[in-house]
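Spelled out, the chains give:
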Amino acid sequence: MTDKDIKEEIVEEITNDTEVKNENICEHTSQEEIEKLKTEVEDWKNSYLRKQAEFQNFTKRKEKEFEDLKAFASEKIVVKVLDIIDNLERAITASAETKDFDSLVKGVELTLSQMKSTVTSEGVEAIETENATFDPHLHMAVAVEDSADFANDEIIAEFQKGYKMKGKVIRPSMVKVCKK
C-alpha cells in the first residue's frame, strides 16, 4: 500500500467514524426532542382537561343559579301578598268580634287598595275600556251587540278587567263590543 492509499483509508475511516457519531448524535437529539414534545403534548392535554372540567363546573353552577332564580323569582311579590292576607284576616276577625258589617267593608276596601298599590308597584296597570275602541291585542270580545248609542267597534261593557305588566298584556279585558 502506498502512502496515498493509506491516507485515503485513514480519511475514509475518519469520515465513517464521524458519520456514525453524527448519526448517534442526531439519534440522541431526536430522542430528546421526541421526549420533550411528548411532555409538552401531555401538559397541553392536562391543561385542556382542566379547562374542560372548569367549564363543566361553571355550566352546572350557572344552571343551578338559574333554577334558584326561577324558583324564588316571585318571592318579593309573595311577601307583599302575605301582608295583604294578614290584613284580610284581621278585618274578618275584627268584624266577627264586633258584628259590624261597615267595619268589614271598610277593612276589605283598605286591603283592596293595598293590593292595587302592590301590583302597581310591580308594573301592573289596568287596561282602560271606558269609551275605548275594541283592540284585539288588549281586549277579548265575548259578546257583540248592535247599539245606536255606540259607534261600530266601540266597547259597550266590560265583564272582566284586563291588565298589562310593564307594557305586556298579561290578561286581556273581557268586553261586549258594538257591531253594526
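Keep in mind the model is a prediction, meaning the values are calculated, not measured. (Residues numbered from 1 in each chain as written. Predicted model: local features only at pLDDT ≥ 70, side-chain atom pairs only at ≥ 80, totals over all residues. Heavy atoms only, no water.)

Novice: Please explain the overall build of the chain as it appears in this structure.
Specialist: Within the chain one finds 3 helices and 6 strands. The linear arrangement of helices and strands in the chain, starting from the amino end, is α-α-α-β-β-β-β-β-β. Taking all 180 residues of the chain together, the buried fraction comes to 11%. Pairs at least 24 apart in sequence give 59% of the contacts found in the chain among residues at least 6 apart. Split by element, the accessible area of the chain, about 14,600 Å² in all, is 57% carbon and sulfur. (Helix = DSSP H or I, 4+ residues; strand = E, 2+ residues; numbered from the N terminus. Buried < 20%, exposed > 50% of the residue type's maximum accessible area, 1.4 Å probe, protein only. Contact = heavy atoms within 4.5 Å. Areas by Shrake-Rupley, 256 points an atom, 1.4 Å probe, with all protein chains shown as cover.)

Novice: I keep staring at a negative patch on the surface and nothing clicks. Help me out?
Specialist: Together, Asp5, Glu8, Glu9 and Glu12 line one region of the surface with negative charge. Within the element layout of this structure, Glu8 appears in helix 1 (residues 3-71). With relative accessibility at 45%, the residue Glu8 sits in the partly exposed group. (Patch = residues over 30% accessible without salt bridge, like charges linked within 9 Å, V, L, I, M, F, W, Y side chains within 5 Å. Salt bridge = Lys/Arg side-chain N within 4 Å of Asp/Glu carboxyl O. Lys, Arg positive; Asp, Glu negative; His and termini not counted. Charge placed at Lys NZ, Arg CZ, Asp CG, Glu CD.)

Novice: In this structure, what is going on with the sheet that holds strand 6 (residues 173-178)? I would like to understand it.
Specialist: Adjacent strands of a sheet pair through backbone hydrogen bonds, lying either parallel or antiparallel. Within the open sheet, the 3 strands sit side by side as 2-6-3. Their pairing is mixed. Strand pairing shows two members of the sheet lacking a second neighbour, strand 2 (139-145) and strand 3 (155-160), which therefore form its edges. Direction aside, neighbouring strands of the sheet carry axes that sit 30° apart on average. Two elements, strand 2 and strand 6, share 6 bridges in a ladder whose sense is parallel. Bridge assignment links Ala143 to a residue of strand 6, and that residue is Lys176. (Pairing = 2+ DSSP bridges. Axes fitted to C-alpha atoms, helices over the stretch in contact; angles between N-to-C directions.)

Novice: I'm lost on the side chain of His139 in this one. Help?
Specialist: Within the secondary structure layout, His139 lies in strand 2. Using a relative accessible area of 4% as the deciding quantity, one classes His139 as buried. Setting aside anything within four residues of it in sequence, one finds His139 in contact with Ile127, Glu128, Thr129, Thr133, Phe134, Ile155, Pro172, Ser173 and Val175.

Novice: Honestly, the packing of helix 2 (residues 75-98) against helix 3 (residues 101-121) in this entry has me stumped. Any pointers?
Specialist: Orientation of helix 2 relative to helix 3, taken along the N-to-C sense of each, is 175°, at an axis distance of 9 Å. On the basis of their axis angle, the class for helix 2 and helix 3 is roughly antiparallel. Between helix 2 and helix 3, the contacting residues are Ile77, Lys80, Asp83, Ile84, Asn87, Leu88, Ala91, Ile92 and Ser95 on the first element and Leu104, Gly107, Val108, Thr111, Gln114, Met115, Thr118 and Ser121 on the second. (Parallel < 35°, antiparallel > 145°, perpendicular 65-115°, else oblique.)

Novice: Mind showing me how you'd approach the pairing of strand 6 here?
Specialist: Along any regular strand the residues' side chains alternate between the sheet's two faces. Pairing geometry for strand 3 and strand 6, over 4 bridges, is antiparallel. Paired with Gln160 across the strands is Met174, a residue of strand 6.

Novice: Would you explain the sheet that holds strand 4 (residues 163-165) in this entry?
Specialist: In space, the 3 strands of this open sheet follow the order 1-4-5, with antiparallel pairing throughout. The two strands at the open ends of the sheet, each matched to only one other strand, are strand 1 (124-126) and strand 5 (168-171). Ignoring strand direction, the axes of neighbouring strands in this sheet form an average angle of 35°.

Novice: Would you mind going over unusual backbone geometry with me for this structure?
Specialist: With glycine set apart, most residues show a phi of negative sign, and most peptide bonds adopt trans. Positive phi outside glycine occurs at Asp153, with the angle close to 70°. With respect to the element layout, Asp153 can be found in the loop between strand 2 and strand 3. What makes Asp153 partly exposed here is its relative accessible area of 24%. Even without being glycine, Lys166 reaches a positive phi, approximately 50°. Examined against the element boundaries, Lys166 turns out to sit in the loop between strand 4 and strand 5.

Functional significance is not addressed by these values, which are geometric in nature.
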